[in-house]
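# Chains, contacts and geometry: an overview
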Amino acid sequence: MDIQGYRRPAPGTQPAYLHPPYASTAKRAPTKPLILLPHTLSEVTGPVFGHERIGPNDHDLTRQHEGEPIGERIIVSGRVLDEDNRPVPEALIELWQCNAAGRYRHKNDTHGAPLDPNFTGCGRLLTDREGRYQFVTIKPGAYPWRNHLNAWRPAHIHFSLFGAGLLSRLVTQMYFPGDPLLPYDPIFTSIPEEQARNRLVSAFDWHTTEPEHALGYRFDIILRGREATPMEP
Ligand SMILES: [Fe+2]
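Quick summary incoming for the structure in this document. (Residues numbered from 1 in each chain as written. Predicted model: local features only at pLDDT ≥ 70, side-chain atom pairs only at ≥ 80, totals over all residues. Heavy atoms only, no water.)

### Regarding the overall build of the protein
We count it as follows: Comment: elements are numbered from the N terminus, with helices defined as DSSP H or I runs of at least four residues and strands as E runs of at least two. Note on method: radius of gyration uses C-alpha positions; expected globular size equals 2.2 Å times residues raised to 0.38. Throughout this description, buried means an accessible area under 20% of the type-specific maximum (1.4 Å probe, protein chains only), exposed means over 50%, and partly exposed covers the range between. Two residues form a contact once any of their heavy atoms are found within 4.5 Å. Per-residue and other accessible areas were derived by the Shrake-Rupley procedure at a 1.4 Å probe size, with only the shown protein chains allowed to occlude residues. In this tally, Lys and Arg are treated as positive and Asp and Glu as negative; His is ignored, and so are the chain termini. Working definition for charges: the position is that of NZ of Lys, CZ of Arg, CG of Asp or CD of Glu.
What the protein contains, in helices and strands, is three helices and 11 strands. Computed over C-alpha atoms, the radius of gyration of the protein comes to 18 Å, within 12% of the 17 Å expected from 2.2 N^0.38 for 233 residues, which places it in the range of a compact globule. With respect to the principal axes defined by its C-alpha atoms, the protein has extents near 55 × 45 × 35 Å. Burial statistics for the protein: of 233 residues in total, 44% are counted as buried. Sequence separation of 24 or more characterises 71% of the internal contacts of the protein that already satisfy a separation of 6 or more. As displayed, the protein offers around 13,300 Å² of accessible surface, 55% of which is attributable to carbon and sulfur atoms. Averaging the locations of the 25 positively and 27 negatively charged side chains of the protein gives two centres separated by 6 Å.

Structure, rendered in structure tokens:
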């Protein structure tokens, strides 16, 4: 059987493994040239993850506790597409984020901002037949991260996707339009090509903005190909 491998990413569209302004890349970047392996059947077609049941409130991070979380309620939606612009149905999307004050519910987060008893910050869902998805959550806050003096991460939501196979796995971060911290963020700016970098910035969306309820943001995700959504470094 003749296996068609995936196209390799165009230069400049993915973050460099070593990006000195993002300090921890120095510890994990490969020190020797990479050996390119051919894409075989197992990389192109599997494995497929995430067959556990998705809970009824897993897509709505504002309804996972007794009360509602503090913060600006938002609806994050979009489509997951493959390299030929075809929708990817039943892709598992998982997301995680800090609360509106910029604090993660995680033991390693020691930022002096309050936790929110009504917010865990994790969600998951499967895309529908047209590759669409929609989460309800609150807008995450900026937080300091000690990478350099006065280092603050722009507001972001972490995304993990399992597409049709191992090579369509994507771990990335979604940002918000107009965030003044973006040009100062070495994680965002580690993607050399500006166009590719800006694919990580969601767009404000009137169509999904709901009166008296929440602002809509659109974030389309492309797995592989020339227009691929960049990985996080
Ligand atoms: Fe984060």
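### Some words on the sheet that holds strand 2 (residues 92-96)
Inclusion rule: Two strands qualify as a pair provided DSSP detects at least 2 bridges between them. Here the axes come from fitting lines to C-alpha atoms, over the contacting stretch only for helices, and the angles between their N-to-C directions go from 0 to 180 degrees.
Sheet architecture is open: four strands sit in the order 3-2-7-8, paired in antiparallel fashion. Only two strands of the sheet have a single neighbouring strand rather than two, namely strand 3 (122-126) and strand 8 (170-175). The mean inter-strand angle of the sheet, taken between neighbouring strand axes irrespective of direction, is 20°. The pairing of strand 2 with strand 3 spans five bridges and is classified as antiparallel. Among the inter-strand pairings, I93 is bridged to a residue of strand 3, identified as L125.

### A word on the pairing of strand 4 (residues 132-138)
Counting buried positions along strand 4 yields five of seven residues, so the element is predominantly enclosed. The sheet contact formed by strand 1 (residues 73-81) and strand 4 spans seven bridges and is antiparallel. Bridge pairing links R73 to I138 in strand 4.

### Concerning the coordination of the iron ion
To keep things clear, this is the line we draw: Think of the donor list as every N, O and S atom within 2.8 Å of the metal, or within 3.2 Å for Na, K and Ca; water never makes the list, so a site can look incomplete. Sites are called tetrahedral only when four donors show all angles between 85 and 135 degrees, square planar or octahedral only when four or six donors show opposite pairs over 155 degrees and all other angles between 65 and 115, and irregular in any remaining case.
Only Y104 (OH), Y143 (OH), H156 (NE2) and H158 (NE2) from the protein reach the iron ion as donors, at distances of 1.9 to 2.2 Å. Taken together, the four donor atoms coordinating the iron ion and their angles of 91 to 158° define a geometry best described as irregular. As a motif over one chain, the donors of the iron ion read Y-x38-Y-x12-H-x1-H. The class for H156 is buried, based on a relative accessible area of 0%. Using a relative accessible area of 9% as the deciding quantity, one classes H158 as buried.

### Topic: the nonpolar core
Let me state the cut-off plainly: Buried residues of nine kinds, namely Ala, Val, Leu, Ile, Met, Phe, Trp, Tyr and Cys, make up a nonpolar core once their side-chain atoms join them within 4.5 Å.
By size, the foremost hydrophobic cluster in this structure holds 24 residues, and its most contacted members are V80, I93, Y133, I157, F159, L161 and I221. Broken down by secondary-structure element, the contributors of at least two residues to this core are strand 1, strand 2, strand 4, strand 7 (156-162) and strand 8. If near-sequence neighbours (up to four positions away) are discounted, I93 is found in contact with V80, G123, R124, L125, T127, Y133, F135, F159, S160 and L161.

### Quick word on the environment of A16
Relative to the helices and strands, A16 is located in the segment before helix 1 (25-28). As for A16 and A113, which are separated by 97 residues in sequence, their C-alpha atoms are 32 Å apart.

### Focus: the pattern of salt bridges
For clarity, the cut-off: Salt bridges are defined by distance alone: a side-chain nitrogen of Lys or Arg within 4 Å of a carboxyl oxygen of Asp or Glu.
Following the criterion strictly, the structure yields 10 salt bridges and no others. Measuring nitrogen to oxygen at the nearest pair gives 2.9 Å for the salt bridge that ties R132 to E130. For E130, a relative accessible area of 36% corresponds to the partly exposed category. A salt bridge links R218 to D220, with the shortest nitrogen-to-oxygen separation between them at 3.2 Å. Judged by relative accessible area, R218 falls into the partly exposed class, the value being 33%.

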